[in-house]
Each structure stands twice: as structure tokens, then as C-alpha cells.
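This is what each chain is made of:
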Amino acid sequence: MLNYQNKNNSLQNRFAKYVQIDTQSDPASATIPSTEKQKNLGKVLVAELLEMGVSDAHLDEFGYVYATIPSNTEKNVPVICFCSHMDTSPDCSGTNVKPIIHANYQGQDLVLPDDESIILKMSEHPDLKDQIGNDIITASGTTLLGADNKAGLAEIMEAAAFFMQNPGFKHGTVKILFTPDEEIGRGVDKADLKKLGADFAYTIDGETLGSIEDETFSADGAVLTINGVSTHPGFAKGKMESAIKILSDVISALPSDCLSPESTELKEGFIHPVTISGSVEQAQARFILRAFDDEQLEANGELLDATVRNIIEDFPNSTYELKITEQYRNMKKVLDEYPQVIEYGVEAIKRAGITPKRQSIRGGTDGSRLSFMGLPCPNIFAGEHAFHGKQEWASVQDMEKAVETIINISAIWEEKA
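It should be emphasised that the depicted structure is a prediction, and the values quoted were computed from it without experimental measurement.

Its place among the elements puts Ala47 in helix α2 (residues 38-52). Spatially, the C-alpha atoms of Ala47 and Pro378 are 28 Å apart, while their sequence positions differ by 331 residues.

Structure representation (C-alpha cells):
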């Protein structure tokens, strides 16, 4: 029987410790992990697991943490993995994070002390309306918080401690996987699934209390390179074809009332330029393409290509190259083949006293790629909100329920075996 308690504030203490370790990933880096500092957190997590008695916990050369909590039942139970990522988003600084607990939240504006222009308002963060009386954690106003995904890390670690301290609580073999570089789309590039040895998995990387997500975007990345014609600007009439201006025309010609993040919601996809650089002679833009349907995703890529071809017709001496690469695919295709993975997750949430919310993600997780690598892996809430920015926040009470859900999932797989 579950008797998890957040003793001595152990959950928020773990979380506060982890967010103060800078683990920001870097999309411009070619190394694995993209930043060596991610291993600093990995080493802390391994040390804590070893101290709990998880004897095989280790950090590999690529920055992945692996650990096993052995089965304590005679039943033949599928091996279940819980996964979270250690890196934080490149979109906002993760250096010198100062976590602040706003105890017993009563609906007031939360003004962050190191930059009082950063204010969390219930009108802008609707999930705060469900947090009255709870304890809200934010950063101080100059950095992101790192709840994405250090909330998930803290919750899995707290569940691991529960398993080790309660040997009478029956469960099958539980595997732990902590990954680097999820925020830059490389989270499972070097994950060794043979070594992991899990049958099914759950990423703990979701938002609202009670959510379980079995569907993500399908995603491609695109790199568009324009090769223009550079001449001396004083003698450029009829000769110069500026790659910068051509690229700007392409971006301006893309739809703005649809197919952009600013104009889409629910299951609508988009074409989104994320970086642009270059000179008169050559300019380059990187895009992310998103859609829930693979055919629509392909159509988005074709629209981008058609837009470029239409614009560049007016520049006869210029050329372009558009390279589209697969990033991840909608995990629903895989998860529909294993309905018990979702069913047991839903039951685990109910046992925690929460109404489950089965929904789609306008994004992706490590679980998207893990599912297609042979490890079916839906996503469970972690209580993290307003990711990738200075207004990021988490709820202690929601995090406690995530711990209970992890423990319940392990129990249910044992019961059903």
C-alpha cells in the first residue's frame, strides 16, 4: 500500500538543488553531450542513487545516467523505465538560478525580486487558478527555473528513494534513464536501449496535474541556404542579388494567419524560422516544421520549397539549397499498439486522487523517439509550467502527485502481471 510522504521537504530540496546546477544545452555544439556541464548534474544524481543503495547507477561518456531498482516480486513483470532529461533550454539563461518558494499561494501576482518587471499573473497563467493554497516555486527573475525537466528528475529520484526505503512495496524491475540534450532534439541519440533493458517507459516531462500524453507533433528540421551575388554596392545596379534580401522575402512570403506558431493551436501545425544569419553572398535560415499528421508535415516542407522557388525566380543568378531532416514522429502510432501502457498510466493517476487528462503535446519528448526505437513511451505530468522563460514555475503539491503516480505505475504493472 502506498504511503509516500514528502518527508522533511525532501522533494523540493532535491528540486532546488538540481535547478541550481547549470545544464543548458547548446544547439551549435557538435559534442555529445553538447555541453560538458550537463555531466555535473549527472554526477550528483549518480552519487545520490548510490547512496540510496542503487548499486549499478552510473554516468556514461555521453552524459546519460542509467540505474536499476531490482524487482522484489516473484511475478514475471515487464521492465518499466522512468525517464527525464537533465538539460535546460538554450532559449533562456540557466546560470545562477535562484529558486524561490511562494508558500500558500492565494491568487496574488507573483513579482520576481531580481527583476520586478517579471510578474506571474493568474490572468496570464490560467493553471494558477488550481493552485490556491499550494506552494509555487519560481526563479528570481533573471533566469529560467529549470522545472523543465528537473521537476521530472526530482520526482523520479524521490520515487527511487521510496522504493529503496520500502522493500515490502511490490514492484517489478524499475529502470531509470536520465538524458542530456533533449531540448535540442538529441536526447536519445546515444541512449543504449540494449543496456537499459526496459520493455516500456514513461517520460516524466509534462505540464498540468493529471495529464498523460500519448500523441506528439511529428517534426522535421529544415536548413535553407541562399547563394546570392555580391558586388561592390557602388556599382551594384543590375548585378547584385542580396542573399539576405532574398531570404527575407521568403520568410515574409510564408503564411502568417496560419502555419505559424503565433496563429495556431490544438492540432494545427506550423513552419517556423528559428535562426537566420548570413551576408549578401550567402544567407541561411533554420526552420522547424511541425504537424500531427505525417502527410501534413510533408506538405509543410513542400510549401516551404515552393515558396523559395517562387521568390528566387526573380533572381536569375542566385541559387538555393533546402535540406529537410527528420527529427521525430508522432508517438501515437506506436502507443496505439500497446494500449495497456496508457491504461496503467491513467489508473495510476486515478489512484493518486486526480482526474486523468489524456491529451496531445504541441511539441515532443524523448518518448517520441524512444517509442520508434522500440520502447513505447508516453508522457506523464511533472507539474512544470511556462517552460523556457523567466516566468517558469512549478507546484510542490503537483510534484508530489507526480511521485505518487510513478510509484502507482510500478505497482499496477506488478499487480497486472
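So, about the sheet that holds strand β10 (residues 211-215). Whether parallel or antiparallel, the strands of a sheet pair through hydrogen bonds between backbone atoms. Spatially, 8 strands are ordered β1-β2-β8-β3-β9-β16-β10-β15 in an open sheet, and the strand pairing comes out mixed. Unpaired on one side and paired on the other, β1 (58-59) and β15 (357-360) mark the two borders of the sheet. Two strands pair when backbone bridges link them, and strand β2 (residues 65-69) and strand β8 (residues 174-179) are joined in this way by 5 bridges, in the antiparallel orientation. Bridge assignment links Val65 to a residue of β8, and that residue is Phe178.

Another aspect to go through is the domain arrangement of the protein. Splitting the protein by domain gives domain 1 (10-216 + 330-416) and domain 2 (218-327). Taking the mean C-alpha position of each, domain 1 and domain 2 sit 35 Å from one another. Between domain 1 and domain 2, the residue contacts involve 8 residues of the former and 10 residues of the latter. Together domain 1 and domain 2 conceal approximately 690 Å² of surface at their shared face, both sides included; 38% is due to carbon and sulfur atoms. Of all residues in domain 1, Glu215, Asn330 and Arg362 give up the largest surface area on contact with domain 2, accounting jointly for 64% of the area buried on that side. Here domain 1 and domain 2 share 2 salt bridges between them. As a salt-bridge pair, Asp294 and Lys333 come within 2.6 Å of each other at their nearest N and O atoms. Counting the contacts that link domain 1 with domain 2 gives 8 residue pairs in polar contact (both at pLDDT 80 or more). In terms of residue class, the side of domain 1 that touches domain 2 is made up of 1 nonpolar, 3 polar and 4 charged.

Our next topic: the UniProt feature "binding site: Zn(2+) 1" (unreviewed entry) in the protein. The UniProt record annotates "binding site: Zn(2+) 1" (unreviewed entry) at His85, Asp148 and Asp205. The named residues occupy 121 residues along the chain; their greatest pairwise C-alpha distance, 8.2 Å, places them in one compact cluster. Looking at the secondary structure, you find Asp148 in helix α3 (residues 147-165). Look at Asp148 and you get buried, because its relative accessible area is 7%. Excluding residues that lie within four positions of it along the chain, Asp148 makes contacts with His85, Asp87, Thr88, Glu183, Asp205, Glu384, Phe387, His388 and Glu392. The residue Asp205 is located in strand β9 (residues 200-206) in this model. Setting aside chain neighbours within four positions, we find Asp205 in contact with His85, Asp148, Asn149, Glu182, Thr365, Asn379, Ile380, Ala382 and Glu384. Side chain to side chain, Asp205 and His85 meet in a polar contact 3.5 Å long.

The next thing to look at is the UniProt feature "active site" (unreviewed entry) in the protein. Here the UniProt-annotated "active site" (unreviewed entry) positions come out as Asp87 and Glu182. In summary, the annotated positions, though distributed over 96 residues, converge in three dimensions, the widest C-alpha pair being only 6.7 Å. Position of Asp87 among the secondary structure elements: in the loop between β3 (80-85) and β4 (100-102). Residue classification places Asp87 among the buried positions, given a relative accessible area of 0%. If we skip the residues at most four places from it in the chain, Asp87 touches Thr23, Ser25, Gln38, Asp148, Asn149, Thr179, Pro180, Asp181, Glu182, Glu183 and Ile184.

In this structure, the second largest pocket spans a volume of roughly 220 Å³. Taken together, Asn3, Tyr4, Gln5, Lys7, Ser10, Arg14, Glu158, Ala161, Phe162, Gln165 and Asn166 make up the full set of residues lining the second largest pocket. Those elements giving two or more residues to the lining of the second largest pocket turn out to be α1 (10-19) and α3. The biggest single contributor to the lining of the second largest pocket is α3, with 4 residues. Taken together, the residues of the lining of the second largest pocket break down into 3 nonpolar, 5 polar and 3 charged.

What counts, and where the lines are drawn
Throughout this document, residue positions are counted from 1 along each chain, in the order its sequence is written. Only residues with pLDDT of at least 70 get local features here, since the model is predicted, and only at 80 or more are side-chain atom pairs given and counted; chain-wide, interface and lining totals rely on the full set of residues. For side-chain calculations, the full set of non-hydrogen atoms in the structure is used, while hydrogens and water are omitted. Labels follow the DSSP assignment, with helices taken as runs of H or I lasting at least four residues and strands as runs of E lasting at least two, numbered in each case from the N terminus. When DSSP finds two or more bridges between two strands, those strands count as paired. The domain boundaries here were taken from an automatic or database domain assignment. It only takes one pair of heavy atoms within 4.5 Å for two residues to be counted as in contact. Accessible-area loss on putting two parts together, using a 1.4 Å probe and summing over both, is the definition of buried area adopted here. What makes a salt bridge here is a side-chain nitrogen of Lys or Arg within 4 Å of a carboxyl oxygen of Asp or Glu, nothing more. Under this definition, polar contacts are N or O atom pairs within 3.5 Å; protein pairs additionally need one hydrogen-donor-capable and one acceptor-capable atom, and for neighbouring residues in sequence, both atoms have to be side-chain atoms. Nonpolar residues are Ala, Val, Leu, Ile, Met, Phe, Trp, Tyr, Cys and Pro. Charged residues are Asp, Glu, Lys and Arg, and all others, Gly as well, are polar. UniProt positions are given in the numbering used here, feature names are shortened, and annotations may be inferred rather than shown by experiment. Burial here depends on accessible area, computed with a 1.4 Å probe over protein chains only, as a share of the maximum for the residue type. Under 20% is buried, over 50% is exposed, and the range in between is partly exposed. Residues are said to line a cavity or pocket when one of their atoms sits within 4 Å of a point; the points come from a 1 Å grid over protein atoms alone, cavities being sets where a 1.4 Å probe fits but cannot get out and pockets being open sets with protein on both sides within 12 Å along at least five of seven lines. Grid points are joined across faces, edges and corners, and a volume is the space filled by probe spheres set on the points.

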